Amino acid sequence: MKAKHALYLGLIIIGAAFLLIDATVLGYIFEAVGLVLLLISALMEWAGEHQDPHP
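Quick look at the structure, then. As the structure is a prediction and not an experimental result, all values here were calculated from the model. (Residues numbered from 1 in each chain as written. Predicted model: local features only at pLDDT ≥ 70, side-chain atom pairs only at ≥ 80, totals over all residues. Heavy atoms only, no water.)

**A word on the overall build of the chain**
Piece 1. Of regular secondary structure, the chain possesses two helices and zero strands.
Piece 2. Here the chain has a C-alpha radius of gyration of 15 Å; the compact-globule value for 55 residues is 10 Å, and the former is much larger.
Piece 3. Dimensions of the chain along its principal axes, counting C-alpha atoms only, are 55 × 20 × 10 Å.
Piece 4. Across the 55 residues of the chain, 16% fall into the buried class. (Helix = DSSP H or I, 4+ residues; strand = E, 2+ residues; numbered from the N terminus. Rg over C-alpha atoms; globule rule 2.2 N^0.38 Å. Buried < 20%, exposed > 50% of the residue type's maximum accessible area, 1.4 Å probe, protein only.)

So this is what it looks like as C-alpha cells:
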C-alpha cells in the first residue's frame with residue numbers, strides 16, 4: 001500500500017469516527033474527500049498499468 005492510499009483510508013476512518021460521535025457534517029466531509037481521492041488515485045494507477053508500452 002502506498003503512503004497516499006494510507007492517508008486516504010485514514011481520512012475515511014476519521015470520517016467514520018466523526019459519524020459515530022454524531023458530528024455528521026464533519027463525518028460526511030471526511031468520508032467524501034477520502035473516498036473521492038482514493039477513487040481518483042485508484043483510477044490513475046489502473047490507467048497507468050493499462051497503457052500501451054509500444055506507442
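**Focus on a nonpolar patch on the surface**
Piece 1. A surface patch of nonpolar side chains, amounting to about 320 Å² of accessible area, comprises Val25, Ile29, Val33 and Leu37.
Piece 2. Mapping leucine 37 onto the fold places it in helix α2 (residues 24-49). (Patch = residues over 30% accessible without salt bridge, like charges linked within 9 Å, V, L, I, M, F, W, Y side chains within 5 Å. Areas by Shrake-Rupley, 256 points an atom, 1.4 Å probe, with all protein chains shown as cover. Salt bridge = Lys/Arg side-chain N within 4 Å of Asp/Glu carboxyl O.)

**Looking at the side chain of glutamate 31**
Piece 1. One can find glutamate 31 in helix α2.
Piece 2. Sequence-distant contacts of glutamate 31, that is, excluding residues within four places in its chain, are made with Leu11, Ile12, Gly15, Ala16 and Leu19. (Contact = heavy atoms within 4.5 Å.)

**Some words on the packing of helix α1 (residues 3-20) against α2**
Piece 1. Orientation of α1 relative to α2, taken along the N-to-C sense of each, is 155°, at an axis distance of 7 Å. With respect to α2, the axis of α1 lies roughly antiparallel. In this structure, α1 crosses over α2, and the sense of that crossing is left-handed.
Piece 2. Class assignment for the residues of the contact of α1 with α2 results in 15 nonpolar, six polar and three charged. (Axes fitted to C-alpha atoms, helices over the stretch in contact; angles between N-to-C directions. Parallel < 35°, antiparallel > 145°, perpendicular 65-115°, else oblique. Left-handed = near helix turned anticlockwise from the far one by under 90°. Nonpolar A, V, L, I, M, F, W, Y, C, P; charged D, E, K, R; others polar.)

**Quick notes on the side chain of serine 41**
Piece 1. Within the secondary structure layout, serine 41 lies in helix α2.
Piece 2. In this structure, serine 41 is in contact with Lys4, His5 and Tyr8, ignoring residues within four places of it in sequence.

**Regarding the environment of valine 36**
Piece 1. Among the secondary structure elements, valine 36 is positioned in helix α2.
Piece 2. Sequence-wise, valine 36 and tyrosine 8 are 28 residues apart; in three dimensions their C-alpha atoms are separated by 8.9 Å.

**With respect to the packing of aromatic side chains**
To describe a pair of aromatic rings, you give the distance between the ring centres and the angle between the ring planes.
Piece 1. Counted by the stated rule, this structure contains one aromatic pair.
Piece 2. Relative to phenylalanine 30, the ring of phenylalanine 18 has its centre 5.5 Å away and its plane inclined at 10°; by these criteria the two rings are stacked. On the criterion of sequence distance, the pair formed by phenylalanine 18 in helix α1 and phenylalanine 30 in helix α2 is long-range, its members being twelve residues apart.
Piece 3. In this structure phenylalanine 18 comes out as partly exposed when scored by relative accessible area, which is 24%. (Phe/Tyr/Trp six-rings, centres within 6.5 Å; stacked < 30°, edge-to-face > 60°.)

The values reported here are purely geometric and, on their own, carry no functional implication.
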